[in-house]
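# Secondary and tertiary structure notes
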Amino acid sequence: GIQVEQSPPDLILQEGANSTLRCNFSDSVNNLQWFHQNPWGQLINLFYIPSGTKQNGRLSATTVATERYSLLYISSSQTTDSGVYFCAVDRSGGGADGLTFGKGTHLIIQP
Amino acid sequence: DAGVIQSPRHEVTEMGQEVTLRCKPISGHNSLFWYRQTMMRGLELLIYFNNNVPIDDSGMPEDRFSAKMPNASFSTLKIQPSEPRDSAVYFCASSRQLNTEAFFGQGTRLTVV
């Protein structure tokens, strides 16, 4: 199956700092999503971004499908940004559907 | 839109008992997915349906697990008999079609003692 690798696995930052999270995947994809899992366990949709660049407030994401990676940028981080950030992909072509998740980046924002 | 609704939010049961988890997808979504999250294995796909039909159940760990989708607005995941190693958070997700943006429910935290 498709492999999804996220880096770094852990990240500790001070409030106000910027960060870049990376997601590498091993095959062509139809779907790529970024999620934030908050301390209560909810999976919150951040971006649906199989290619291109999107921005939503302090967050933005870029997927370069031809090079099989995606980046999530968080600017001016706040303590509420803490949690685990997941990248998930759905392989293109026939066969398996449904999202394959990376292991996540555990982000801690300190006040 | 109410989002994907799962019930119960928490379930504690004794080993050997039957457990049924429930999911109501977002109205108008044709694809429904069941995932499981554990510390050891992360988030993994168990089974998915398209237009109420099971398409791929290769992620279901054992025959003790079964899932149904009797209509477009309801799905169940059943474990019978349950075992302690089934303890996990079970998520249901839906999307308008396959390969489109998926939205997750709040999950059911299952503890088997």
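Before going further, it helps to examine the environment of Gly41 of chain A. Counting through the fold element by element, Gly41 of chain A comes out in the loop between β4 (29–37) and β5 (43–48). Put simply, Gly41 of chain A and Pro111 of chain A are 70 residues apart on the chain and 22 Å apart in space, counted from C-alpha to C-alpha.

The next thing to look at is the state of the cysteines. Joining two cysteines, a disulfide is a covalent bond between their sulfur atoms. Residues and elements named next belong to chain A. Scanning all chains against the criterion turns up two disulfides over all chains. Put simply, Cys23 and Cys87 are joined by a disulfide, and their sulfur atoms are 2.0 Å apart. Between Cys23 and Cys87, the S-S torsion sits near -60°, and that sign places the bridge as left-handed. In this pair, Cys23 sits in strand β3 (residues 19–25) while Cys87 sits in strand β9 (residues 83–91), placing the two residues 64 residues apart along the sequence. Residues Cys23 and Cys87 agree in their burial class; the two are buried.

Right, let's talk about the pattern of salt bridges for a bit. Where charged atoms from two side chains of opposite charge come close, those side chains can pair. Counting across every chain of the model gives nine salt bridges over all chains. Via salt bridges that share partners, Glu62, Arg64, Glu83, Arg85 and Asp86 of chain B belong to a single interconnected network.

Our next topic: unusual backbone geometry. That bond from Ser7 of chain A to Pro8 of chain A is cis: its omega, -10°, falls within 30 degrees of zero. Along the chain, Pro8 of chain A falls in the loop between β1 (4–7) and β2 (10–14). A cis amide bond, omega -10°, links Ser7 of chain B with the succeeding residue Pro8 of chain B. Summarising the element assignment, Pro8 of chain B is placed in the loop between β1 (5–7) and β2 (10–13). Despite not being glycine, Asn99 of chain B shows a phi value in the positive range, around 65°. Along the chain, Asn99 of chain B falls in the loop between β9 (88–95) and β10 (102–104).

Calculation criteria
Residues numbered from 1 in each chain as written. Chains lettered and ligands numbered in written order. Predicted model: local features only at pLDDT ≥ 70, side-chain atom pairs only at ≥ 80, totals over all residues. Heavy atoms only, no water. Helix = DSSP H or I, 4+ residues; strand = E, 2+ residues; numbered from the N terminus. Disulfide = S-S within 2.5 Å. Buried < 20%, exposed > 50% of the residue type's maximum accessible area, 1.4 Å probe, protein only. Salt bridge = Lys/Arg side-chain N within 4 Å of Asp/Glu carboxyl O.

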